[in-house]
Amino acid sequence: MEELRQKYIAAIAAAADEGALESLRVQAVGKKGEVSLKMRELGKMSPEERQVAGPALNALKEEINSALAAKKAALADVALEERLRAEWLDVTLPARTRRVGSIHPVSQVTEEVTAIFADMGFGVAEGPQVEDDWHNFDALNIPGHHPARAEMDTFYMARAEGDNRPPHVLRTHTSPVQIRSMMKHGAPLRIICPGRVYRCDYDQTHTPMFHQVEGLAIGRDISMANLKWVLEEFFSAFFGTHVETRFRASHFPFTEPSAEVDIRCSWEGGTVKVGEGDDWLEVLGSGMVHPKVLTAGNIDPLAWQGFAFGIGIDRLAMLKYGIPDLRAFFDSDLRWLRHYGFASLDVPSIHAGISA
Ligand code: DAH
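First, a word on what this report is: a plain description of the structure on this page.

The rules behind each value
- Residues numbered from 1 in each chain as written.
- Predicted model: local features only at pLDDT ≥ 70, side-chain atom pairs only at ≥ 80, totals over all residues.
- Heavy atoms only, no water.
- Helix = DSSP H or I, 4+ residues; strand = E, 2+ residues; numbered from the N terminus.
- Rg over C-alpha atoms; globule rule 2.2 N^0.38 Å.
- Buried < 20%, exposed > 50% of the residue type's maximum accessible area, 1.4 Å probe, protein only.
- Contact = heavy atoms within 4.5 Å.
- Areas by Shrake-Rupley, 256 points an atom, 1.4 Å probe, with all protein chains shown as cover.
- Lys, Arg positive; Asp, Glu negative; His and termini not counted.
- Charge placed at Lys NZ, Arg CZ, Asp CG, Glu CD.
- Phe/Tyr/Trp six-rings, centres within 6.5 Å; stacked < 30°, edge-to-face > 60°.
- Lys NZ or Arg CZ within 6 Å of the ring centre and 35° of its normal.
- Near = heavy atom within 4 Å.
- Polar contact = N/O pair within 3.5 Å; in protein donor to acceptor, adjacent residues only side chain to side chain.
- Salt bridge = Lys/Arg side-chain N within 4 Å of Asp/Glu carboxyl O.
- Core = buried A, V, L, I, M, F, W, Y, C linked by side-chain atoms within 4.5 Å.

### As for the overall build of the protein chain
When helices and strands are counted, the protein chain shows 13 helices and 10 strands. Taking 21 Å as the expected radius of gyration for a compact globule of 356 residues, we find that the protein chain reaches 44 Å, considerably beyond that expectation. When its C-alpha atoms are laid out on the principal axes, the protein chain stretches across 135 × 60 × 40 Å. By residue count, 42% of the 356 residues in the protein chain fall in the buried class. In the protein chain, once contacts between residues fewer than 6 apart in sequence are set aside, the share between residues at least 24 apart is 65%. Split by element, the accessible area of the protein chain, about 20300 Å² in all, is 54% carbon and sulfur. In the protein chain, the 38 positive side-chain charges and the 49 negative ones have mean positions that sit 10 Å from each other.

### Notes on the packing of aromatic side chains
Considering all chains together, one arrives at 13 aromatic pairs under this definition. For the ring pair F238 and F239, a centre distance of 4.9 Å and an interplane angle of 85° mean the geometry is edge-to-face. Accessibility expressed as a relative area gives 0% for F238, which makes it buried. Overall, the relative accessible area of 12% leaves F239 in the buried class. Here the basic side chain of K320 rests over the ring of F238, its NZ or CZ set 4.3 Å away from the ring centre.

### Digging into the site of the ligand
Inspection of the region around the ligand gives 15 residues, with H173, S175, R199, Q212 and E214 positioned closest. H173 places a polar side-chain atom, nitrogen or oxygen, 2.9 Å from a nitrogen atom of the ligand. Side-chain polar atom of S175 to a nitrogen atom of the ligand: 3.0 Å apart, as the coordinates give it. For the shell around the ligand, the elements supplying multiple residues, two or more each, are β5 (209-219), β9 (279-289) and β10 (305-312).

### Points about helix α8 (residues 176-185)
Regarding α8, the residues found buried are P176, V177, Q178, I179, S181 and M182. Check the buried side of α8 and you find it contacts β2 (130-132), α6 (133-136), β4 (189-198), β5, α10 (291-296) and β10. Once α8 finishes, G186 follows within two positions and takes phi at roughly 70°, a positive value.

### Concerning the pattern of salt bridges
Applying the stated rule across the entire model yields 19 salt bridges. Salt-bridge contacts for R165 lead to D163; the nearest nitrogen and oxygen are separated by 3.0 Å. R165 gets classed as partly exposed once you look at its relative accessible area, which sits at 49%. By relative accessible area, which is 25% here, D163 ends up partly exposed. The partner of E244 in a salt bridge is R264, and the shortest N-O contact between them spans 2.9 Å. Of this pair, E244 sits in the loop between α9 (224-239) and β6 (245-252) while R264 sits in strand β7 (residues 255-268), and the two are 20 residues apart along the sequence. According to the relative accessible area criterion, E244 is partly exposed, its value standing at 34%. In this structure, a network of salt bridges that share partners links the residues R246, R248, E260, D262 and E282.

### Considering the nonpolar core
Soluble globular proteins tend to bury their nonpolar side chains together. Counting residues in each nonpolar core, the largest one holds 44 residues, and the members touching the most others are V113, F117, F234, F235, F239, F307 and L316. Only α5 (105-119), β5, α9, β7, β9, β10, α11 (313-321) and α12 (334-340) provide two or more residues apiece to this core. Per-element tally for this core: the top contributor is α9, with seven residues. Counting 24 residues, the second largest nonpolar core, distinct from the first, contains A148, L189, L216 and I299.

Geometry only, nothing functional implied.
So this is what it looks like as structure tokens:
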């Protein structure tokens, strides 16, 4: 019996895994195991022998069972240790950085402009970028022979052969949205129309696609004085400093009288500063809406009048944020976008000029 004991206790101690343990259990204390067979022999013994051998065999069986259980637990501990070592991870490592996009300066400035004009009671109107030539030209008092059509370097949409409808164009300015808004809403009216416009032109200050914002205010008693106030109010809010304007007589087919508007600025070391100095920078075209344009928009020019203006959004962005080359706006260069872009939390407000 002592032999059996030593054999199994040693084998259990040496078992490499649970499978080996299980076969040792079967060999020793399973139904046909060595210890079990010995127990069956008890019946053939004399009562005296049985009294000695019985408890001894029971004790052996118990000892083997508890050695098996202890070894099983020890193997599980080793396995757990091994997992803990293998699956270890350092939760104090810095997290992987997430790529964050940025708001394009054109989007940012469009929002700023919209916020400032909204504060003065202007709604936002939009129109199609592929426009018919009536809205883009004729309705704005630019007839077919007018030199303005050639000057604007218009992109014409291709027509299928035999399609003789009047041409569609990529709108050359946001002014056609004036016409659409007048026809849709009638008078009185106070809107701005920001959006993309297209002209066949490309150099440091021109790209074939750029952005304008149109302004239109129609009422019973609107004058150039209102226009000047609105524009000075806008530029002062936008640049975060009082900005003087200078009106120069000009000509646009859709306004009469027409004015080009300059803002006061200084040039120092090649950089422009708005609101101070002795120089003037041209920033927009404007005027009183031409009676023919009101008529085209189904508004009676004897009862209503209004002012209109058109500003380049990209140019506003270049001026305010010191961006030198317009072409880079549309190159999708990530380095440029990260440098000049805005975080999504730079929410434009009517005080954006001060915080920027
Ligand atoms: N549409 C003109 C352009 O693209 C800008 C402009 C000038 C708009 C005078 C106006 C305006 O509304 O009154 O050059």
